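Structural characterization, general
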Amino acid sequence: MSRADIMQPRRAGTWSWPLAARLVRLSNQTGTLLLLLPTLWSLVLATGGRPPFHLLVVFVTGAFVMRSAGVILNDLADRRFDREVARTRNRPLASGEIAPPHALAIAGALVALAAGLVLTLNGLTIALSPLALLLAVLYPFAKRFVHIPQAMLGVAFGWGTVMAWTAARNSMDAPMWWLFAATICWAIAYDTIYALQDREDDLRIGVKSSAILFGRYTWLGVGLALTGMGFCLVAAGRLVQAGNGFYLSLVVAGVWGTRQVFRLTTPVSPETALSLFKEHVWLGALILIGCVAGFV
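Sequence order as written defines the numbering, with residues in each chain counted from 1. Local features are withheld for residues below a pLDDT of 70 in this predicted model, meaning they are given only at 70 or higher, and side-chain atom pairs are given and counted only at 80 or more; totals for whole chains, interfaces and linings count all residues. The basis for every side-chain value is the complete set of non-hydrogen atoms in the structure, without hydrogens or water.

**Some remarks on the overall build of the protein**
Rule in force here: A run of H or I in DSSP becomes a helix once it reaches four residues, and a run of E becomes a strand once it reaches two; helices and strands are each numbered from the N terminus. The reference for a compact globule is 2.2 Å times residues^0.38; the radius of gyration itself is calculated from the C-alpha atoms. Only protein chains enter the accessibility calculation, which uses a 1.4 Å probe. A residue is then buried if its area is under 20% of the maximum for its type, exposed if over 50%, and partly exposed in between. Any two residues whose heavy atoms approach within 4.5 Å are treated as being in contact. Using a 1.4 Å probe, the Shrake-Rupley method yields the accessible areas, and only the shown protein chains count as cover for residues. Lys and Arg are tallied as positive, Asp and Glu as negative. Neither His nor the chain termini are counted. By convention, the charge on Lys lies at NZ, on Arg at CZ, on Asp at CG and on Glu at CD.
Along the protein, the regular secondary structure elements total 14 helices and zero strands. Ordering the α and β elements of the protein from the N terminus gives α-α-α-α-α-α-α-α-α-α-α-α-α-α. A globule of 296 residues ought to have a C-alpha radius of gyration of about 19 Å, and the protein, at 19 Å, matches this closely. Expressed as lengths along the three principal axes of its C-alpha atoms, the size of the protein is roughly 60 × 45 × 30 Å. Taking all 296 residues of the protein together, the buried fraction comes to 51%. A separation of at least 24 residues holds for 76% of the contacts in the protein among residues at least 6 apart in sequence. Accessible surface computed for the protein: about 13700 Å², of which carbon and sulfur atoms make up 68%. Counting 24 positive and 14 negative side-chain charges, the protein places the averaged centre of each group 3 Å from the other.

**Some words on the packing of aromatic side chains**
Here is the rule we go by: What counts as a ring pair is set by centres within 6.5 Å for rings of Phe, Tyr and Trp (its six-membered ring), and what kind of pair is set by the plane angle: stacked under 30 degrees, edge-to-face over 60, tilted for all other angles.
All told, the structure shown has eight aromatic pairs when counted by the stated rule. Taking 5.1 Å as the distance between ring centres and 90° as the angle between the ring planes, the aromatic pair formed by tryptophan 186 and tyrosine 190 counts as edge-to-face. With tryptophan 186 and tyrosine 190 both in helix 9 (residues 174-195), this residue pair falls four residues apart, about one helical turn. The burial state of tryptophan 186 is the same as that of tyrosine 190; both residues are buried.

**Observations concerning the nonpolar core**
The condition is simple: Definition of nonpolar core: a set of buried residues of the types Ala, Val, Leu, Ile, Met, Phe, Trp, Tyr and Cys, connected through side-chain atoms within 4.5 Å.
One finds Trp41, Phe59, Trp186, Tyr190, Met229, Leu233 and Ile287 to be the most contacted residues of the largest nonpolar core, which totals 67 residues. With 13 residues, helix 9 is the single largest residue contributor to this core. In this structure tyrosine 190 touches Leu34, Leu153, Phe157, Phe277 and His280, once residues within four positions along its chain are discounted. Among the nonpolar cores identified, the runner-up in size contains 17 residues, and Val24, Ala69, Leu93 and Ala136 belong to it.

**Considering the state of the cysteines**
Operational definition: Any cysteine sulfur atom paired with another within 2.5 Å is treated as part of a disulfide.
Going through the model one piece at a time under the given rule, you end up with zero disulfides. Note on cysteine 185: no disulfide assigned, nearest cysteine sulfur contributed by cysteine 232 at a separation of 4.8 Å. Unpaired in terms of disulfides, cysteine 291 finds its nearest cysteine sulfur in cysteine 232, a separation of 14 Å. For cysteine 291, a relative accessible area of 1% translates into the label buried.

**Digging into the packing of helix 12 (residues 218-239) against helix 13 (residues 244-263)**
The following threshold applies: Axes here mean lines fitted to C-alpha atoms, for a helix over just the part in contact, with angles spanning 0 to 180 degrees between N-to-C directions. If an angle is under 35 degrees, it is roughly parallel; if it is over 145, roughly antiparallel; if it lies from 65 to 115, roughly perpendicular; otherwise it is oblique. Three classes are used, and their members are as follows: Ala, Val, Leu, Ile, Met, Phe, Trp, Tyr, Cys and Pro are nonpolar, Asp, Glu, Lys and Arg are charged, and the others, Gly among them, are polar.
Close contact between helix 12 and helix 13 brings their axes to 10 Å; oriented N to C, the two are set at 175°. Judged on the interaxial angle alone, helix 13 and helix 12 are roughly antiparallel. Across the interface between the two elements, Trp219, Val222, Gly223, Leu226, Leu233, Val234, Gly237 and Arg238 of helix 12 pack against Phe246, Tyr247, Leu250, Gly257 and Val261 of helix 13. Grouping the amino acids of the contact of helix 12 with helix 13 by side-chain chemistry returns nine nonpolar, three polar and one charged.

**Some points on helix 12**
Applied cut-off: Each residue after the first adds 1.5 Å to the expected span of a helix.
Between the first and last C-alpha of helix 12 there are 32 Å, a value that for 22 residues agrees with the 32 Å anticipated at 1.5 Å per step. Positive backbone phi, approximately 60°, marks glutamine 241, located one or two places after helix 12.

**Here we look at the confidence of the model for the protein**
Our working rule: A score between 0 and 100, pLDDT records how confident the predictor is in each residue.
Residues at a pLDDT of 70 or more form 95% of the protein, whose mean pLDDT is 92. The secondary-structure element of the protein with the lowest mean pLDDT is helix 1 (residues 3-7), recorded at 44, while helix 12 shows the highest, at 98. Confidence over residues 1-8 falls short of pLDDT 50; this stretch has six contacts with residues more than four positions distant or in other chains.

**So, the packing of helix 4 (residues 53-82) against helix 7 (residues 123-145)**
Test applied: Less than a right angle of anticlockwise turn of the near helix away from the far helix marks a crossing as left-handed, whereas a clockwise turn marks it as right-handed.
Where helix 4 contacts helix 7, the two axes come as close as 9 Å, and the packing angle between them is 35°. Considering how the two elements wind past one another, helix 4 and helix 7 form a crossing that is right-handed. Residue-level contacts link Met66, Leu73, Asn74, Ala77, Asp78 and Phe81 of helix 4 to Ala136, Val137, Tyr139, Pro140, Phe141, Lys143 and Arg144 of helix 7.

Here it is as structure tokens:
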């Protein structure tokens, strides 16, 4: 099969649930967890370790729904690029298995569901919610113009921490902004590692990424981002008067992150990059445990 044949999209077939599941990456929820975990940090720290059950349900469900909508919007924007990248050319939109109007309809239904969840929250959080959708729409285009589009991902994911905080406190306090900044730094770190899988393809097709910008200093860029994340979390913890359990989790997370940085000082295979990226779910879970432990 020639490269031209590979890049040629197939004719869209009949819509089906298995196809929709592939469209929203149902079998891979790493992205959902990376979106959800910072919102849970925010809920726990905002409520002194006792987040209301209602807010937990809203934000856990909302993370799944918005991440699912987000990947559809991303694939709609990138479907031509995706056809030229080995890892992504078989995605339903890139391959032509689903038509863009059908994908957009699914995304619209997911956004409507997310809006229904938001309407159960307070007025301040409702007022902030349109920006979450705007960020989800803008992020896919960042790689065309911004050399560190991972920062835009961090802003989009970090907005969940802002909404979680306002949902819990009905105010926008200093610790919330430190959590927002921590999430941006974290996204730069893990998504730079993720982008290592596609660095050669991205160079060929002209897509920007921090993995390209940092080049052989990717280890340093990731290290600085993780250091910034740690600093921001310490600042947030001090402002909410979190206990020693919180800081202990940050120490362990720091050791974990240092190990990753040293691993990146030598070239890594795409498989290794993906493995290192997925480890960040455990890193985020460790910090969540620390948030809870800080108020026990």
